[in-house]
Amino acid sequence: MKPADSAVPVQLTFDAKHPLLVIRSVSDLRLARDQRGVLITLTSADTKKFAEITRKYDQGLLLLEANGRVLSAMHVTAPIVNGIIGFKHPEEAAVAEYLRRRFRVGEFK
């Protein structure tokens, strides 16, 4: 997506039937140092796919969805090639809370 002040119109494309990547499992999931955020490490196959996607959509937005609900819009500022993705709390609370519940890691107090 281009900035709002750009002369080029913004174009958004959503295709729920053909997502760019479906993540069914992760290599590792940990609580962040603040004990509220979450760090995930993708499997090696998903790491390669995600790296390709973030190269292709560098400076774009990727929507993160779970159970038919958009949890977050991730602004890609550089390709992510190591497969490690962090979700800070409270900035990305919806994703962090979903992952904590999904993988039963820690509880909010």
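Look up a bit, the structure's there.
Residues numbered from 1 in each chain as written. Predicted model: local features only at pLDDT ≥ 70, side-chain atom pairs only at ≥ 80, totals over all residues. Heavy atoms only, no water.

Draft legend 1. Up close: the packing of aromatic side chains. The full count for this structure, using the stated rule, is zero aromatic pairs. The ring of F103 has R102 lying over it, and the distance from NZ or CZ to the ring centre is 5.2 Å. (Phe/Tyr/Trp six-rings, centres within 6.5 Å; stacked < 30°, edge-to-face > 60°. Lys NZ or Arg CZ within 6 Å of the ring centre and 35° of its normal.)

Draft legend 2. Representation of the nonpolar core within the structure. Membership of the largest hydrophobic core comes to 17 residues, with the highest contact counts inside it found for L29, V38, I40, F50, I85, F87 and L99. Residue assignment for this core shows that the elements contributing at least two residues are β2 (38-42), α1 (44-56), β3 (61-66), β4 (69-75), β5 (84-87) and α2 (93-102). Apart from residues no more than four positions distant in its own chain, L99 is found in contact with L29, V38, I40, F87 and R104. (Core = buried A, V, L, I, M, F, W, Y, C linked by side-chain atoms within 4.5 Å. Buried < 20%, exposed > 50% of the residue type's maximum accessible area, 1.4 Å probe, protein only. Helix = DSSP H or I, 4+ residues; strand = E, 2+ residues; numbered from the N terminus. Contact = heavy atoms within 4.5 Å.)

Draft legend 3. Seen up close, the pairing of strand β1 (residues 26-31). Where β1 lies against β2, five bridges are found, and the strand directions are antiparallel. Within β2, the residue paired with L31 across the bridge is V38. Taking the residues that link successive antiparallel strands as the turn, the β1-β2 hairpin has six residues, and the phi of Q35 there is positive, at about 65°. (Pairing = 2+ DSSP bridges.)

Draft legend 4. Structural context of the side chain of T47. With respect to the element layout, T47 can be found in helix α1. You can call T47 buried: its relative accessible area is 13%. Beyond its immediate stretch of four places on either side in the chain, T47 contacts L42, V81, N82 and G83.

Draft legend 5. Just α1, in detail. Between its first and last C-alpha atoms α1 spans 19 Å; for 13 residues at 1.5 Å apiece the expected length is 18 Å, and the two agree. The set of residues buried in α1 consists of D46, T47, F50, A51, I53 and T54. The arc that holds the buried residues of α1, viewed along the axis, is 165°, so those residues lie on one side. Facing away from the buried side of α1 by more than 90 degrees, the exposed set consists of S44, K48, E52 and K56. Looking at the buried residues of α1, the elements they touch are β2, β3, β4 and β5. (Expected span 1.5 Å × (residues − 1). Arc of directions from axis to C-beta.)

Draft legend 6. Structural view of the pairing of β3. Sheet topology note: the β3/β4 ladder contains six bridges and is antiparallel. Looking across to β4, one finds that L63 is bridged to A73. Hairpin connection from β3 to β4: two residues lie between these consecutive antiparallel strands, with N67 at a positive phi of about 55°.

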